[in-house]
Amino acid sequence: MRSNQTTLCYIEKDGKYLMMHRVKKEHDINKDKWVGIGGHFEADESPEECLLREVKEETGLILDDWRFRGIITFICDQQQTEYMFLYTADAYSGELTDCDEGELEWVAKSRVYDLPIWEGDKIFFRMLEEDHPFFSLKLKYEGNRLVEKALNGRSF
């Protein structure tokens with residue numbers, strides 16, 4: 001079974017996030033949604049090693065500066081519970097390449113909420129905008145419907 005630990009990174013530039021429109025893989029829990037860059041840990045990787053590898057594999061970019069922003073517990077009745085290590089990054093080198101998992105696009109932060117994203121993603125986008133300190137966010141879904149949410153151990 002694959003690791004249930006993943007990284008998720010939103011690379012920032014000029015008021016935009018680099019996002020992936022997940023349109024290339026069949027049987028993808030994120031099919032047709034817009035998500036950040038990231039993926040599953042490989043054996044013995046630290047979160048930072050996973051972050052750097054996944055960003056390089058999916059975008060061709062090498063991160064030079066990043067921040068660990070929080071942990072998201074993603075529970076969905078369609079898959080194993082996933083623990084996502086959430087990062088933002090604002091310094092990188094290299095040239096953007098094509099990705100075999102989706103289409104990469106720089107999206108204005110103000111437009112993110114209008115895209116087909118997971119409902120819970122809107123919560124952590126607001127927290128990133130407001131520069132919240134490190135947080136733990138629990139999101140529980142039935143299908144695509146958010147049925148439970150908790151921030152730092154408290155339901156809301």
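Residues numbered from 1 in each chain as written. Predicted model: local features only at pLDDT ≥ 70, side-chain atom pairs only at ≥ 80, totals over all residues. Heavy atoms only, no water.

Trainee: Just to check I follow, could you spell out the overall build of the protein for this structure?
Mentor: Helix and strand counts for the protein come out as 2 helices and 10 strands. The linear arrangement of helices and strands in the protein, starting from the amino end, is β-β-β-β-α-β-β-β-α-β-β-β. Computed over the C-alpha atoms, the radius of gyration of the protein is 15 Å, within 12% of the 15 Å expected from 2.2 N^0.38 for a compact globule of 156 residues. Based on the C-alpha atoms only, the size of the protein along its principal axes is roughly 40 × 35 × 30 Å. The buried share of the protein, reckoned over its 156 residues, is 47%. (Helix = DSSP H or I, 4+ residues; strand = E, 2+ residues; numbered from the N terminus. Rg over C-alpha atoms; globule rule 2.2 N^0.38 Å. Buried < 20%, exposed > 50% of the residue type's maximum accessible area, 1.4 Å probe, protein only.)

Trainee: Explain the pairing of strand β8 (residues 135-142) here, please?
Mentor: Looking along a regular strand, one sees the side chains alternate between the two faces of the sheet. Only one face of β8 is buried: it carries F135, L137, L139 and Y141, and the other face, with S136, K138, K140 and E142, is open. Pairing of strand β5 (residues 62-76) with β8, which is carried by 7 bridges, proceeds in the parallel orientation. Residue pairing for β8: I75 is matched across the bridge by K140. Here 6 bridges tie β8 to strand β9 (residues 145-151), and the two strands are oriented antiparallel to one another. The residue bridging Y141 from the neighbouring strand is L146, located in β9. If you look at the hairpin formed by β8 and β9, you'll find 2 residues sitting between the two strands, and G143 has a positive phi there, around 65°. (Pairing = 2+ DSSP bridges.)

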